[in-house]
Amino acid sequence: MLELKIQNISKHYKEKTAADDITFTLKNGVYGLLGENGAGKTTLLRILCGILMPDRGDVTLDGISIRKMGAGYRTLLGYLPQDFGYYPDFTVKRYLLYLASLKALPRDKALVKYKEMLELTGLLGEEKQKIKHLSGGMIRRLGIAQALLNDPKILLLDEPTAGLDPKERIRFRNIISSLGHDRIVLLSTHIVSDVANAADRILIMRRGKIMENNTPDALIQAASGHVWEFVTTPAKADICQKQFTVCNVKTEGNELRMRVLSGERPFAGALAAAPDLEDAYLYATENREVL
Ligand SMILES: Nc1ncnc2c1ncn2[C@@H]1O[C@H](COP(=O)(O)OP(=O)(O)OP(=O)(O)O)[C@@H](O)[C@H]1O
């Protein structure tokens, strides 16, 4: 099993710190990289791809620096950038075969592989369609198809569900879940539900640092006892918004059902609620200064 080690990685853009002494190890499985916009996710993924040099630290695969591996590393890698470049006038088939040739796949293998990828991503039948005529969701699926052409052992996906409707998100999540058995999959997103079911581990990134690296269950467990629900009036809800981190608000007739984070029971009538991963993410990031 491959072991991708990220060791003391730092990256600065002028005075901005995008990666701040990051250390963690990836093995086979699906990892969700969660963080708000600007947390440093894209920077980290680009460093893992070897297309961005860190100021400090190193990334090693089975003990060998990826800088030294060069092209050998790239053959093991599949990458879906946030804004992946595609050619609007290319057909789906031409695009995938073109990408396969860039990845140095022999033609006969490419012809088999591109069909397999179309099947996996639900695009079979769209071969002759020009990319500019595909929906946003189909283009994203085409993005994952190209990233998988060389059967990569390391798959890096940067915000793959951005702009997708709920049905496409579910479709995408199902594809991701099926991929983590025999490879490293790292998926960056700021949407918790994108990784809630698919990820074996969750990395939470904030201001260039990895604040948490744990299983979803362990994160949920840590938030246990800190999530409360109660029904209140709109006027009182305003006060609560200022007092607590609010996980959710739902209208119930003239009143509001609030779900908040609190170290102790906020009111006599508040009931302890079982945390979900969204609550756990808020709990892990709320009021915690990044050291
Ligand atoms: N080329 C650059 N020059 C200057 N600052 C940059 C550059 N690239 C990123 N940054 C800054 O570094 C920080 C991390 O950016 P990055 O794109 O890695 O975050 P992100 O978590 O991927 O955010 P998003 O979800 O918005 O893409 C941000 O504050 C960003 O403005």
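- The name given to the protein chain in an unreviewed UniProt entry is ABC transporter ATP-binding protein, and the organism recorded there is Blautia celeris.
- Checking UniProt for the protein chain, the heading Sequence similarities (unreviewed entry) contains the comment "Belongs to the ABC transporter superfamily."

**Digging into the pattern of salt bridges**
(1) Moving on: Within the structure shown, the criterion is met by 16 salt bridges.
(2) Moving on: For Asp151, the salt bridge identified is with Arg183, shortest N-O distance 3.3 Å. Of this pair, Asp151 sits in the loop between α6 (136-148) and β7 (154-158) while Arg183 sits in the loop between α7 (166-177) and β8 (184-189), and the two are 32 residues apart along the sequence.
(3) Moving on: Judged by its relative accessible area of 36%, Asp151 falls in the partly exposed class.
(4) Moving on: When the shortest N-O distance is used, the salt bridge between Asp279 and Arg259 registers 2.6 Å. Taken together, the positions of Asp279 in helix α11 (residues 277-285) and Arg259 in strand β13 (residues 255-261) put the pair 20 residues apart, joining distant regions of the chain. The pair formed by Asp279 and Arg259 is uniform in burial state, with each residue classed as buried.
(5) Moving on: One salt-bridge network, in which partners are shared between bridges, spans Glu229, Glu252, Arg257, Arg259 and Asp279.

**Concerning the environment of Ser262**
(1) Moving on: Counting through the fold element by element, Ser262 comes out in the loop between β13 and β14 (271-272).
(2) Moving on: For Ser262 and Ala223, which are 39 residues apart along the polypeptide, the C-alpha to C-alpha distance reads 9.8 Å.
(3) Moving on: Sequence-distant contacts of Ser262, that is, excluding residues within four places in its chain, are made with Gly225, His226, Trp228 and Phe244.
(4) Moving on: Polar contacts involving the side chain of Ser262 include one to the main-chain carbonyl oxygen of Glu264, which spans 2.5 Å.

**Focus on the nonpolar core**
(1) Moving on: By size, the foremost hydrophobic cluster in this structure holds 48 residues, and its most contacted members are Tyr95, Leu96, Leu142, Ile144, Leu157, Ile176 and Ile202.
(2) Moving on: In terms of nonpolar packing, the next biggest core, distinct from the first, is built from 29 residues, Ile22, Leu45, Ile184 and Met205 among them.

**A short note on the environment of Ile139**
(1) Moving on: Mapping Ile139 onto the fold places it in helix α6.
(2) Moving on: On the basis of relative accessibility, which here comes to 11%, the residue Ile139 falls in the buried class.
(3) Moving on: Sequence separation between Ile139 and Tyr86 is 53 residues; the distance between their C-alpha atoms is 8.8 Å.
(4) Moving on: Other than its neighbours up to four places away in sequence, Ile139 contacts Phe84, Tyr86, Ile131 and Leu134.

**Quick notes on the site of the ligand**
(1) Moving on: Close contacts around the ligand come from 13 residues, with Gly38, Gly40, Lys41, Thr42 and Thr43 the closest.
(2) Moving on: Between an oxygen atom of the ligand and a side-chain N or O atom of Thr42, the distance comes to 2.7 Å.
(3) Moving on: Separating an oxygen atom of the ligand from a side-chain N or O atom of Gln82 is a distance of 3.4 Å.
(4) Moving on: Compared with its free state, where it exposes 620 Å², the ligand has 63% of that area covered by protein.
(5) Moving on: Of all the secondary-structure elements, those providing two or more residues to the shell around the ligand are β2 (16-26) and α1 (41-49).
(6) Moving on: Ranked by residue count, the leading element in the shell around the ligand is α1, at three residues.
(7) Moving on: Across the shell around the ligand, the residue classes break down as three nonpolar, six polar and four charged.

Here is what the cut-offs are and how they apply
Residues numbered from 1 in each chain as written. Predicted model: local features only at pLDDT ≥ 70, side-chain atom pairs only at ≥ 80, totals over all residues. Heavy atoms only, no water. UniProt positions renumbered as here; feature names shortened; annotations may be inferred. Salt bridge = Lys/Arg side-chain N within 4 Å of Asp/Glu carboxyl O. Helix = DSSP H or I, 4+ residues; strand = E, 2+ residues; numbered from the N terminus. Buried < 20%, exposed > 50% of the residue type's maximum accessible area, 1.4 Å probe, protein only. Contact = heavy atoms within 4.5 Å. Polar contact = N/O pair within 3.5 Å; in protein donor to acceptor, adjacent residues only side chain to side chain. Core = buried A, V, L, I, M, F, W, Y, C linked by side-chain atoms within 4.5 Å. Near = heavy atom within 4 Å. Areas by Shrake-Rupley, 256 points an atom, 1.4 Å probe, with all protein chains shown as cover. Nonpolar A, V, L, I, M, F, W, Y, C, P; charged D, E, K, R; others polar.

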